[in-house]
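A structural walkthrough
So the chains spell out like this:
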Amino acid sequence: MELFFNPFDNLLCILLGISFTVWFTLLLVFIIVPAIFGVSFGIRRLYMKTLLKVFEWATLRIERGAKEKNHHFSCICLFIGSNKDLDSAPEFEMSDIFYFARRGVESIMDDEVTKRFSAEELESWNLLTRSNYNFHYISLRLTVLWGLGLLIRYGFLLPLRVTLAFTGVGLLVFLTSVIGLLPNGRMKNFLSEKVHLMCYRICVRALTAIITYHDSENKPKNGGLCVANHTSPIDVIILASDGCYAMVGQIHGGLMGVIQKSMVKACPHIWFERSEVKDRHLVAKRLSDHVEDKSKLPILIFPEGTCINNTSVMMFKKGSFEIGATVYPVAIKYDPRFGDAFWNSSKFGMVNYLLRMMSSWAIVCSVWYLPPMSREEGEDAVQFANRVKAAIARQGGLVDLLWDGGLKRAKVKDTFKEEQQKLYSKMLVGTQEDRSRS
Amino acid sequence: MGSRASTLLREEEIEEIKKETGFSHSQITRLYSRFTSLDKGENGTLSREDFQRIPELAINPLGDRIINAFFPEGEDQVNFRGFMRTLAHFRPIEDNEKNKNSSASEPLNSRTNKLLFAFRLYDLDRDDKISRDELLQVLRMMVGVNISDEQLGSIADRTIQEADTNGDNSISFNEFIKVPPVDGEQDY
């Protein structure tokens, strides 16, 4: 009996051994070694082009199958009563109510704010179940393609990416701890830079992120503040794989905490305890101390304070614009066709989100480094923040909104309503005074 | 994978809503998407809090009254049919509808029904009359704290004087309709 089974066991073991070796060699040669040196074989771009062709074909088939095209919302124009604007009204009329009623119902049908906190709807389907809103069963070929895509993404890409992710994070924690043992000096900074870049590049490949950097001559320099729009935690990986930054944030527990603690051994990041976060003066002091030291890396900050769905830029919190450093704005725009990068934190936890990222087709994005800006004479922090925000929105093709991203969870302040009431009152009272004078 | 908008709304329902409100098929599915995205509790109905979560509506001085218009007498939840019925008041009148005889019941977005909607924004107690108090309440909502009680009172008095034809010191729906149109109002 034993003689009978042994050869097969041996064969199985040998086969498994060979396939594992091949797998890891391929991984090493095609992914990890290029990540270390910062070069690229161009495999990801080829993958992206192929996907685009597939999507084009799929779109044609969907359009052929669709009976009725979906109109855009702008077709539902509201009409109630008179179209007059409040400015032309000389005095109160019963119909003034129409103005507010129309605005109110328009905002019920569609408003600028609430849709920023959920994933962007695509014009056409990209063969992912999660972005399938109104596309019904169209044809057998499309379904087969979708099934094939499912197999490839979950069977091949996901395990590959998870392996890479573990490798990248593991290397980061290990190597930064090792570097932390060195004495402070140029050698340490140099090594720390190399290690950070290498590990972030591995993470970029773990997400199959295809990033195009524009205007790299404007890259943030030491002693500056790098400011970007926020869509997901992946933004950090995308920016940090092209340059070294000092991160700012709250210390978390668990795996994140371990990573944070080991990172700060190699080079100074700014981590806050939960209790310190509320103290705005402390935060501002630590930030300004950091930027004054020209040997320290530029600080990376996301002034929106929360993740927005990458169709717009919301209000920038003025805290970071008060410390007087040069601001290097960066605009990040994701291409939603390949995978939606937005983290809807009320719907998905972090792990769930990362799994979704790693089972999308790819993360394709463009990064623009904008020329540095400083606060001008007579400009206060809020105006400066708005100016930077407008520049980022313009470059990234995003809508520039004045609304606070905090509205995701909090109620809107009453001061806005009071402003509207004031405007309307001014119009009424102004005319009353005229009448009494005449 | 949550429930998708189009899978929850059956074709027969869409047809019924189309007949009742006059919205097109794609407009109805679009508005259903909107309805489900507002419905945070995912129970198929909207409460007043769901509406107040819209910042642009929360800062509208008449926001609460407009939200009220969606809820039938004494109820706290509105379903999709009710939602569409109220929104139907604001659908623009198409050209091909202008010449139709109103042999059947009047379409929801006729001029009269639009004016009735606005009338009800004033008339809180639904007694079909806008009293001086009700007018003052709406005026107060629109101006906030910026105008004194006396001034507001005189504005209200003047308005009632101009509109009231039968001398009962309140504005009925017929008197409300007769408010002269301003330049720019389209001819129905």
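What counts and what doesn't
- Residues numbered from 1 in each chain as written.
- Chains lettered and ligands numbered in written order.
- Predicted model: local features only at pLDDT ≥ 70, side-chain atom pairs only at ≥ 80, totals over all residues.
- Heavy atoms only, no water.
- Helix = DSSP H or I, 4+ residues; strand = E, 2+ residues; numbered from the N terminus.
- Contact = heavy atoms within 4.5 Å.
- Areas by Shrake-Rupley, 256 points an atom, 1.4 Å probe, with all protein chains shown as cover.
- Salt bridge = Lys/Arg side-chain N within 4 Å of Asp/Glu carboxyl O.
- Buried < 20%, exposed > 50% of the residue type's maximum accessible area, 1.4 Å probe, protein only.
- Phe/Tyr/Trp six-rings, centres within 6.5 Å; stacked < 30°, edge-to-face > 60°.
- Lys NZ or Arg CZ within 6 Å of the ring centre and 35° of its normal.
- Core = buried A, V, L, I, M, F, W, Y, C linked by side-chain atoms within 4.5 Å.
- UniProt positions renumbered as here; feature names shortened; annotations may be inferred.
- Pairing = 2+ DSSP bridges.
- Axes fitted to C-alpha atoms, helices over the stretch in contact; angles between N-to-C directions.
- Expected span 1.5 Å × (residues − 1).

Turning next to the overall build of chain B. If you tally the helices and strands in chain B, you get 12 helices and 4 strands. Expressed as a percentage of contacts within chain B between residues at least 6 apart in sequence, the contacts between residues at least 24 apart total 52%. Looking at chain B as shown, the accessible area adds up to about 9800 Å², and 46% of this sits on carbon and sulfur atoms.

On to the pattern of salt bridges, then. In the structure shown here, the tally under the stated rule is 23 salt bridges over all chains. Across the salt bridge formed by Glu106 of chain A and Arg102 of chain A, the nearest N and O atoms sit 4.0 Å from each other. A residue pair is termed a helical-turn pair when its members lie 3 or 4 positions apart in one helix, as Glu106 of chain A and Arg102 of chain A do in helix α3 (residues 96-109) at 4 residues. Take Arg102 of chain A: its relative accessible area is 16%, and that puts it in the buried class. Note that Arg10 of chain B is salt-bridged to Glu13 of chain B, the shortest N-O span being 3.4 Å. Its relative accessible area of 47% is what places Arg10 of chain B among the partly exposed residues. Within this structure, Glu16, Glu20, Arg81 and Arg85 of chain B form a network of salt bridges that share partners.

A few words now on the packing of aromatic side chains. The tally for this structure, following the rule as stated, stands at 22 aromatic pairs over all chains. Taking the centre distance of 6.3 Å and the plane angle of 20 degrees together, the rings of Tyr32 of chain B and Phe35 of chain B count as stacked. With Tyr32 of chain B and Phe35 of chain B both in helix α3 (residues 25-38), this residue pair falls 3 residues apart, about one helical turn. Neither residue differs from the other here; Tyr32 of chain B and Phe35 of chain B are each classed as buried. Connected via pairs of aromatic rings, a cluster forms that spans Tyr32, Phe35, Phe51, Phe70, Phe71, Phe80 and Phe83 of chain B. In this structure, Arg153 of chain A is placed above the aromatic ring of Trp361 of chain A, and the distance from its NZ or CZ to the ring centre is 5.3 Å. Over the aromatic face of Phe272 of chain A sits the side chain of Arg286 of chain A, whose NZ or CZ is 4.8 Å from the ring centroid.

Nonpolar side chains tend to gather and get buried jointly when the protein is soluble and globular. In terms of nonpolar packing, the biggest core is built from 61 residues, with Phe92 of chain A together with Phe51, Phe80, Phe83, Tyr122, Leu135 and Phe176 of chain B touching the most fellow members. Counting residues per element, this core draws most heavily on α3 of chain A, which supplies 8 residues. The contacts of Leu135 of chain B, once residues within four sequence positions are left out, are Phe92 and Met94 of chain A together with Tyr122, Ile130, Ala156, Thr159 and Ile160 of chain B.

What follows covers unusual backbone geometry. In this structure, Asn310 of chain A takes a positive phi of about 70 degrees despite not being glycine. With respect to the helices and strands, Asn310 of chain A occurs in the loop between β5 (299-301) and β6 (312-313).

Residue and element names in this part refer to chain A. Under the present numbering, the feature "transmembrane region" (unreviewed entry) in UniProt falls on residues 20-43, 138-156 and 162-182. Summarising residues 20-43: 79% helix, 0% strand, and an end-to-end C-alpha distance of 22 Å. As annotated, residues 162-182 has a helix share of 90% and a strand share of 0%, and its two end C-alpha atoms lie 31 Å apart.

Now for the sheet that holds strand β7 (residues 327-335) of chain A. Residues and elements named next belong to chain A. Strands sit in the order β1-β8-β7-β2-β5-β3-β4 across an open sheet of 7 strands; the sheet is mixed. Whereas interior strands pair on both sides, the edge strands pair on one side only; in this sheet they are β1 (209-214) and β4 (270-272). For this sheet, the mean angle separating the axes of adjacent strands, direction not counted, is 25 degrees. Two strands pair when backbone bridges link them, and strand β3 (residues 246-250) and β4 are joined in this way by 3 bridges, in the parallel orientation. Bridged to Val248 within β4 is Ile270.

Taking 1.5 Å per residue, 15 residues should reach 21 Å; helix α11 (residues 149-163) of chain B reaches 21 Å between its end C-alpha atoms and fits that length. When α11 of chain B is considered as a whole, its buried residues turn out to be Leu152, Gly153, Ile155, Ala156, Arg158, Thr159, Ile160 and Ala163 of chain B.

So, on to α3 of chain B. All names here are of chain B. Helix length check: α3, at 14 residues, gives a terminal C-alpha distance of 20 Å against a target of 20 Å (1.5 Å per residue), a fit within 8%. By the criterion of burial, α3 is predominantly enclosed, with 11 of the 14 residues buried. What α3 keeps buried is the set His25, Ser26, Gln27, Ile28, Thr29, Leu31, Tyr32, Ser33, Arg34, Phe35 and Leu38.

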